[in-house]
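Residue strings, one per chain:
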Amino acid sequence: MADEFPFEISPMFEGERVRKDDMYVELAGPKSKGFELVNAVGIDEIEDGKFTLIGADISEMEEGGRYPLAMIYRIAGELVETDLEAIVERRNHDFQNYIQGMMHLNQRYDVWIRINKDAIAKGLKSFEQIAKATMMLFKNELTFIEKIEATYITDMEKVDEELAKAMDKYAARDERTRNLHDEDVDTFYGCSLCQSFAPTSVCVITPDRIALCGAINWFDGRAAAKVDPEGPQFAVEKGECLDETGGEYTGINEVAQKLSGGEYNRIKIHSFFEFPHTSCGCFEVVGFFVPEVDGIGWVDRDYAGNAPNGLAFSSMAGQTGGGKQVMGFLGVGINYFRSPKFIQADGGWDRVVWMPKHLKDKILEDIPSDIVDKVATEEDAQDITALKTFLTDKGHPIVERWSSEEEEPAEDEPITESDAFSMPQVGIPAFDPAMLKNLTPMTGGCGGVKVTLKNAKVTIDKVILSNQK
Amino acid sequence: MRVIAITGKGGTGKTAVAAMLIRSLVNRDMTILAIDADPDTNLPEALGDGVEETVGDQREFLLEERDNLPPDTDKQRLLESKIYSVLAERQGYDLLVMGRPEGAGCYCFANNMLRGIMDRVVNNYDLTIIDTGAGLEHLSRGIIRDVDELVVVTDGSRRGLQTAERIRDLVKELDLEIRKMHVVLNKVTPQNRERLNEYAQELGLEVAGIVPFDEEIAQFDLDGRPLIELPDSSPAAVEVENIIMKLGI
């Protein structure tokens, strides 16, 4: 079938670069305009294999020239749906790179194509040949496509016109991808890049939880795992959901066991206190429990000063890093603050009491409006006393917890005005902060000690606990 | 596809040797990629080339913009395209400048993508010449893999040769699979020629060439003229031709 084309088609031509000296023509790219778009349409709306060209063909182009190029494909089939458009569109890159003498870079409105002189010498003279080959590959490799037709445009005015329409499509698509959540997918992704220095690190990437380095989102994991399933990013079957609020899944637990070498077998990806995600050392932000206010503060790498607990990012990072589940600390990527499931097991934003101002400014729009003014920064509080006062003055929802969960009422009485901003607590398990206080005393930067006993039998006759003064 | 990295102590003239090698090779029937992997970027100037953007800039762009991009952007494709856009295409050779080193934060994912991209870029050329610092940073991080040979440039100083020795040890420590290491003695005068040669032998370093101190190069440097314009008659250029023969390029 490929005999009808004057060029060879094979994955081995992927990565073939067309240098300027060898280039016959450059299409779209950083110095011109263009885009690629796949639209799903009704089965009767298109004619299979049809190609339309608007503007000059390759044979009419000057050697060494640069021209705009839009490639619009319409696909139809019983299983074809709008959600598949982006996935199909991505393959245009692969297929066009299979064509010998053709280089296709990037995606969407950033596509950049070059055709080399050799291909022209061998008989390539029309976009029709390229479009037909590409459409053939689409149908061969993505068998759910029953019908496909293509329109290529090299006329600048028309490219502009169609690009405006395409931008709306891309925007609508982005809106959909932003609304993708943990419950919408069957597969999460794992990453082992940090295991070189944090051997028990278990990094799980889900639609609602970016990797804690901030560099890898769920889509990046998917793309990387597809290219190299044995590589540092790999698929994690979600399995059964054990705790929806905390984000515990059988698939994650299995992977945790394997990746940590048996060190951890439970991870709740949206929990701060109970079986938290491990923290490698690459995290952009570290969260720290402040027992005095029963809240959680966050400090990022760029903040040089001390947090209200008297510790700087570097010292907390030192304690937290290394690929461990550390009680009272949690490393996250900045984008996790934008997740609707942000530490939802522990009250989400209602539990956040402090963060550096520049970090807060960065995510300002994503902080729920009823809490945004109640989260202190270094301008409001630099120590625990000031933080307590600030939270009380602002009527932070955390203040309500002080009165309801502790024996003695808080010094001030913010309860009277708290009705206005009380948040629904549905699904948030009760947590006893007193327990944590004893586990991780955080004043003065003393490090927490973790004792792991495996297959141990411990017999104790008597235990005496006394206050250390 | 052959990859040669040129290294040595700062100030020994490794960039000059790299530029002269490229100068002699551009008119041969081969595709050449020149990579400036020294954070103190000098190669473009020696080649008479102005390069505005670097690989490091593009990596930084990706890190800064990652949360603003459409969520399903294929970042590897984006970065690849960005790298190609900063690849300067010149008559007879292409030039890529690695530029700024890493900042704070985690570069694991970005570097991992960059490795794959650099592999693909380098694969497209018959010969890649890398001008790199004595610390071999991009080699040790594996950003540029598959380096076949190392040419260590040293001047007439004992310390230059000691650096060469250290680099040889570093290569061993880093487990870099370098097939061969050569030493080029640069800026050599009739007075120190014999002694340097002997010292190199003592250290067990194989000398691939002895480039004489060349008044003309010093003058070019002073005038800010690119070495690529050096006449064929220059004694240094003549010796570089010999080195090319010796390296079997």
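Residues numbered from 1 in each chain as written. Chains lettered and ligands numbered in written order. Predicted model: local features only at pLDDT ≥ 70, side-chain atom pairs only at ≥ 80, totals over all residues.

### Here's the deal with the overall build of chain B
Then, in step 1: Each helix and strand in chain B was counted, giving 10 helices and 8 strands.
Then, in step 2: Relative to the 2.2 N^0.38 estimate, which gives 18 Å for 249 residues, the radius of gyration of chain B is 18 Å and therefore close to what a compact globule would have.
Then, in step 3: Expressed as lengths along the three principal axes of its C-alpha atoms, the size of chain B is roughly 65 × 40 × 30 Å.
Then, in step 4: With 249 residues in all, chain B has 46% of them scored as buried.
Then, in step 5: A fraction of 81% describes how many contacts in chain B between residues 6 or more apart in sequence connect residues 24 or more apart. (Helix = DSSP H or I, 4+ residues; strand = E, 2+ residues; numbered from the N terminus. Rg over C-alpha atoms; globule rule 2.2 N^0.38 Å. Buried ≥ 20, exposed ≤ 12 C-beta atoms within 10 Å, placed from the backbone. Contact = placed C-beta atoms within 7 Å.)

### Here we look at the overall build of chain A
Then, in step 1: Counting its secondary structure elements, chain A contains 11 helices and 17 strands.
Then, in step 2: Out of the 469 residues belonging to chain A, those deemed buried represent 43%.
Then, in step 3: Long-range pairs, those at least 24 residues apart, make up 69% of the contacts in chain A with a sequence separation of at least 6.

### Thoughts on unusual backbone geometry
Peptide bonds are, in most cases, trans, and in most cases residues other than glycine have a negative phi.
Residues and elements named next belong to chain B.
Then, in step 1: With a phi close to 55°, Asp146 is a non-glycine residue in the positive phi region.
Then, in step 2: Assignment of secondary structure puts Asp146 in the loop between α6 (137-140) and β6 (149-154).
Then, in step 3: Judged by the 16 C-beta atoms lying within 10 Å of it, Asp146 is partly exposed.
Then, in step 4: Even without a glycine there, the phi angle at Asp175 is positive, about 60°.

### Details of the sheet that holds β6 of chain B
Residue and element names in this part refer to chain B.
Then, in step 1: Strand order in this open sheet of 8 strands is β3-β4-β2-β5-β1-β6-β7-β8, and the pairing throughout is mixed. Two strands bound the open sheet, and with one partner strand each, they are β3 (88-90) and β8 (207-212). Across the sheet, the mean angle separating the axes of adjacent strands is 20° when strand polarity is ignored.
Then, in step 2: In this structure, β3 lies alongside strand β4 (residues 93-97), joined through 3 bridges in antiparallel fashion. (Pairing = 2+ DSSP bridges. Axes fitted to C-alpha atoms, helices over the stretch in contact; angles between N-to-C directions.)

### A closer look at the pairing of strand β15 (residues 295-300) of chain A
Residues and elements named next belong to chain A.
Then, in step 1: Within β15, 5 of the 6 residues are buried, which leaves it mostly tucked inside the rest of the structure.
Then, in step 2: Here 6 bridges tie strand β14 (residues 285-290) to β15, and the two strands are oriented antiparallel to one another. Paired with Val286 across the bridge in β15 is Val299.
Then, in step 3: Hairpin connection between β14 and β15: a loop of 4 residues separates the two successive antiparallel strands, and Asp294 in this loop has a positive phi of roughly 60°.
Then, in step 4: Of the strand pairs in this sheet, β15 and strand β17 (residues 352-354) are connected by 2 bridges, and their pairing is parallel. Each residue of the ladder has a partner; that of Ile296, found in β17, is Val352.

### Quick notes on the nonpolar core
Then, in step 1: Within the largest apolar cluster, 192 residues are counted, with the highest numbers of intra-cluster contacts made by Ile205, Cys213 and Val353 of chain A together with Ala34 and Ile129 of chain B.
Then, in step 2: A total of 9 residues in this core trace back to one element, the largest contributor, which is helix α5 (residues 108-123) of chain B. (Core = buried A, V, L, I, M, F, W, Y, C linked by C-beta atoms within 7 Å.)

### Concerning the interface of chain B and chain A
Then, in step 1: Taken together, the contact pairs 27 residues of chain B with 31 residues of chain A.
Then, in step 2: Going through the elements one at a time, α4 (75-86) and α5 of chain B are the ones with two or more residues in the side of chain B that touches chain A.
Then, in step 3: The biggest single contributor to the side of chain B that touches chain A is α4 of chain B, with 8 residues.
Then, in step 4: Class assignment of the residues belonging to the side of chain B that touches chain A gives a composition of 9 nonpolar, 8 polar and 10 charged. (Nonpolar A, V, L, I, M, F, W, Y, C, P; charged D, E, K, R; others polar.)

### Observations concerning helix α10 (residues 235-247) of chain B
All names here are of chain B.
Then, in step 1: In a regular helix each residue adds 1.5 Å, so 13 residues correspond to 18 Å; α10 covers 19 Å between its end C-alpha atoms and thus fits that length.
Then, in step 2: Buried within α10 are the following residues: Ala236, Glu239, Val240 and Ile243. Considered in projection along α10, the buried side chains sweep an arc of 110° and stay on one side of the axis. (Expected span 1.5 Å × (residues − 1). Arc of directions from axis to C-beta.)

### Re the sheet that holds strand β5 (residues 69-76) of chain A
All names here are of chain A.
Then, in step 1: With respect to topology, 4 strands assemble into an open sheet ordered β2-β5-β8-β3, the strand pairing being mixed. The two strands at the open ends of the sheet, each matched to only one other strand, are β2 (34-40) and β3 (51-54). The average undirected angle you get between the axes of adjacent strands in this sheet is 10°.
Then, in step 2: Alignment of β5 against strand β8 (residues 147-153), held across 7 bridges, turns out to be antiparallel. Paired with Ala76 across the two strands is Lys147, which belongs to β8.
Then, in step 3: The strands touched by helix α3 (residues 127-141) within the sheet are β3 and β8, with β8 carrying the most contacts at an inclination of about 150°.

### Notes on the packing of helix α3 (residues 55-65) of chain B against α4 of chain B
All names here are of chain B.
Then, in step 1: Axis separation between α3 and α4 bottoms out at 9 Å; the angle between their running directions is 150°. What the angle tells us is that α3 and α4 run roughly antiparallel. Judged by the sense of rotation from one axis to the other, the crossing of α3 with α4 is right-handed. Where α3 abuts α4, its residues Val55, Gln58, Phe61 and Leu62 lie against Lys75, Leu78, Leu79, Lys82, Ile83 and Val86.
Then, in step 2: For the contact of α3 with α4, the residue count by class is 7 nonpolar, 1 polar and 2 charged. (Parallel < 35°, antiparallel > 145°, perpendicular 65-115°, else oblique. Left-handed = near helix turned anticlockwise from the far one by under 90°.)

### Things to note about the packing of helix α1 (residues 14-25) of chain B against α10 of chain B
Residue and element names in this part refer to chain B.
Then, in step 1: Between α1 and α10, the least distance of the axes is 9 Å, while the angle of their chain directions is 75°. When the interaxial angle is binned, α1 and α10 end up roughly perpendicular. Residues Met20, Leu21, Ser24 and Leu25 of α1 pack against Ala236, Ala237, Val240, Glu241 and Ile244 of α10.
Then, in step 2: Its residues assigned to classes, the contact of α1 with α10 comprises 7 nonpolar, 1 polar and 1 charged.

### Brief notes about the confidence of the model for chain A
Then, in step 1: Counting all residues, the mean pLDDT for chain A is 89, and 87% of those residues have values of 70 or more.
Then, in step 2: Taken together, the stretch residues 408-447 of chain A has pLDDT below 50 and engages in 51 contacts with residues farther than four places along the chain or on a different chain. (pLDDT = per-residue confidence, 0-100.)

### Considerations on helix α7 (residues 158-173) of chain B
Residue and element names in this part refer to chain B.
Then, in step 1: Between its first and last C-alpha, α7 extends 23 Å over 16 residues, near the 22 Å set by a 1.5 Å rise per residue.
Then, in step 2: Those residues of α7 hidden inside the fold are in contact with β1 (2-7), β6, β7 (180-188) and α8 (193-202).
Then, in step 3: Remark: Asp175 follows α7 within two positions and exhibits a positive phi of approximately 60°.

### Quick notes on the environment of Gly50 of chain B
Residue and element names in this part refer to chain B.
Then, in step 1: By the element assignment, Gly50 lies in the loop between α2 (43-46) and α3.
Then, in step 2: A count of 8 C-beta atoms within 10 Å places Gly50 in the exposed class.
Then, in step 3: Sequence-wise, Gly50 and Pro212 are 162 residues apart; in three dimensions their C-alpha atoms are separated by 28 Å.

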